[in-house]
Amino acid sequence: MSPSGPVPADRLERGVQVLRSWGLEVAVAPHAVVTHPELDYLAGTDAQRAADFQAAWCDPGIDAVLCARGGYGAFRMVDLLDFEAMSRARPKILAGYSDVTALHQAIGARLGVVTLHAPMIGAEPFTSDEPTRAMLRRMLFEPELVRTITTTGARALIGGRAGGITMGGCLSLLASGVGGPTGPRSAAGSILVIEDVDEKRYQIDRMLTELLRSGWLTGVAAVVAGSWHDCEDGIDEVLTDRLRPLGVPVLTDVGFGHGTRSATVPLGVPAVVEDAAIHLDEPALT
């Protein structure tokens, strides 16, 4: 489904074919490739996207809601969801990243369900990178085999060891969602995962400063950065400057988010940050 922007039909079909090759039965949401009649950056109207999402979540025959692409629009539809009705449904797997962060935050806070910060089915890197696809497949079919999340380039900007519950997503969405009705009230006790795309250093600085000034980061256990694809150089210095006063471990380049390769990171799972990696205390999915 497309909770934000529309996905080109040919790209969605390539992703769907991969899922079918895994032995999955795929149902495409009614408005996944529809474009809003006036706002072409949206996949249909807010009500249509919300209805697609809620119908999939409440359908007993559906096991997972895999998002086709990001873009913009999830914040416009998330308040239209009936979380009381969704809470009565069998929990589903939600997978996606970027603008889907708004849904990760809402599902985690309102329903207490583990979700997957994972590549979108109708977009790169899922459609072009086999290691990206393979990790998502392992998380879905053999979650007990995915207990450590890192890359060869992962580094500790601020060292240490800390435990907490994973949460987070795209930094710009986290900053925009502070104080909203659907997200968590703070990141206290969490291992906060963050990433973003095509941002200047001062914009990353501003977003982190917004989270700091609001008190949302007070009590966070650790911060783990994935990729900063197409962002301005020098993000490490911004992260260190802004986050050092928190006195918690800070990792970077852990390999999830936008870019040509993207790891799958479960959100809502107890984990430990140590040795430039996230170590899951238990399998993300059961």
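Nothing here was measured: the structure is a model prediction, and the numbers come from that model.

### Structural notes on the environment of Asp10
No. 1: Along the polypeptide, Asp10 turns up in helix H1 (residues 9–21).
No. 2: Between the C-alpha atoms of Asp10 and Ser128, which are 118 residues apart in sequence, the distance is 13 Å.

### Overview of the side chain of Glu195
No. 1: By the secondary structure assignment, Glu195 is in strand E7 (residues 190–197).
No. 2: Lacking a salt bridge, the buried Glu195 has Arg69 as its closest oppositely charged neighbour, with an N-O distance of 13 Å.
No. 3: Within the structure, the side chain of Glu195 is placed 2.8 Å from the side chain of His258, a separation counted as a polar contact.
No. 4: Non-local contacts of Glu195, meaning those with residues more than four positions away in its chain, are made with Tyr97, Ser98, His117, Gly169, Cys170, Leu171, Gly226, Ser227, Trp228, Phe256, Gly257 and His258.

### Considerations on the packing of aromatic side chains
One pair of aromatic rings is described through two measures. These are the centre distance and the angle between the planes.
No. 1: Using the criterion set out here, one finds four aromatic pairs in the structure.
No. 2: Centre to centre, the rings of Trp22 and Phe126 are 5.9 Å apart; their planes meet at 75°, and the pair counts as edge-to-face. Of this pair, Trp22 sits in the loop between H1 and helix H2 (46–58) while Phe126 sits in the loop between strand E3 (115–117) and helix H6 (130–141), and the two are 104 residues apart along the sequence. Across this residue pair, the class does not change: Trp22 and Phe126 are buried.

### Quick word on the layout of surface pockets
No. 1: Quantified by volume, the largest pocket comes out at close to 700 Å³.
No. 2: As for the largest pocket, its lining consists of 26 residues, of which Glu25, Val26, Ala27, Ile62 and Ala64 are closest to the centre.
No. 3: Put simply, the parts of the chain that give the lining of the largest pocket at least two residues each are H1, H2, strand E1 (64–66) and H6.
No. 4: For the lining of the largest pocket, the per-class residue count stands at 22 nonpolar, one polar and three charged.
No. 5: The computed volume of the second largest pocket comes to approximately 300 Å³.

### Some points on the pairing of strand E6 (residues 162–170)
No. 1: Most of E6 is tucked away: seven of the nine residues are buried.
No. 2: As judged from the four bridges shared by E6 and strand E11 (residues 270–274), these two strands associate in the antiparallel manner. Across the sheet, Gly164 pairs through a bridge with Ala271, a residue of E11.
No. 3: Two elements, E6 and E7, share six bridges in a ladder whose sense is parallel. Bridge pairing links Gly168 to Val193 in E7.

### A few points about the environment of Val16
No. 1: Assignment of secondary structure puts Val16 in helix H1.
No. 2: Between the C-alpha atom of Val16 and that of Ile121, which follows or precedes it by 105 residues, the distance is 7.1 Å.
No. 3: Among residues more than four places away in sequence, those in contact with Val16 are Val26, Val28 and Ile121.

### A look at the pairing of E11
No. 1: Across four bridges, E11 lies against strand E12 (residues 277–280) in antiparallel orientation. Bridge pairing in E12 places Val272 opposite His279.
No. 2: Between E11 and E12, which pair antiparallel in sequence order, lie two residues; one of them, Asp275, sits at a positive phi of approximately 55°.

### Things to note about the pattern of salt bridges
Where charged atoms from two side chains of opposite charge come close, those side chains can pair.
No. 1: Using the criterion set out here, one finds twelve salt bridges in the structure.
No. 2: Residue Glu130 pairs with Arg133 through a salt bridge whose shortest N-O separation is 3.0 Å. Here the residue Glu130 and the residue Arg133 both occupy positions in helix H6, the gap between them amounting to three residues, near one helical turn.
No. 3: Exposure remark for Glu130: the relative accessible area of 46% places this residue in the partly exposed category.
No. 4: According to the relative accessible area criterion, Arg133 is buried, its value standing at 14%.

Conventions we followed
Residues numbered from 1 in each chain as written. Predicted model: local features only at pLDDT ≥ 70, side-chain atom pairs only at ≥ 80, totals over all residues. Heavy atoms only, no water. Helix = DSSP H or I, 4+ residues; strand = E, 2+ residues; numbered from the N terminus. Buried < 20%, exposed > 50% of the residue type's maximum accessible area, 1.4 Å probe, protein only. Lys, Arg positive; Asp, Glu negative; His and termini not counted. Salt bridge = Lys/Arg side-chain N within 4 Å of Asp/Glu carboxyl O. Polar contact = N/O pair within 3.5 Å; in protein donor to acceptor, adjacent residues only side chain to side chain. Contact = heavy atoms within 4.5 Å. Phe/Tyr/Trp six-rings, centres within 6.5 Å; stacked < 30°, edge-to-face > 60°. 1 Å grid on protein atoms, 1.4 Å probe; cavity = no way out; pocket = protein on both sides within 12 Å on 5 of 7 lines; lining within 4 Å. Points joined across faces, edges and corners; volume = space filled by probe spheres on them. Nonpolar A, V, L, I, M, F, W, Y, C, P; charged D, E, K, R; others polar. Pairing = 2+ DSSP bridges.

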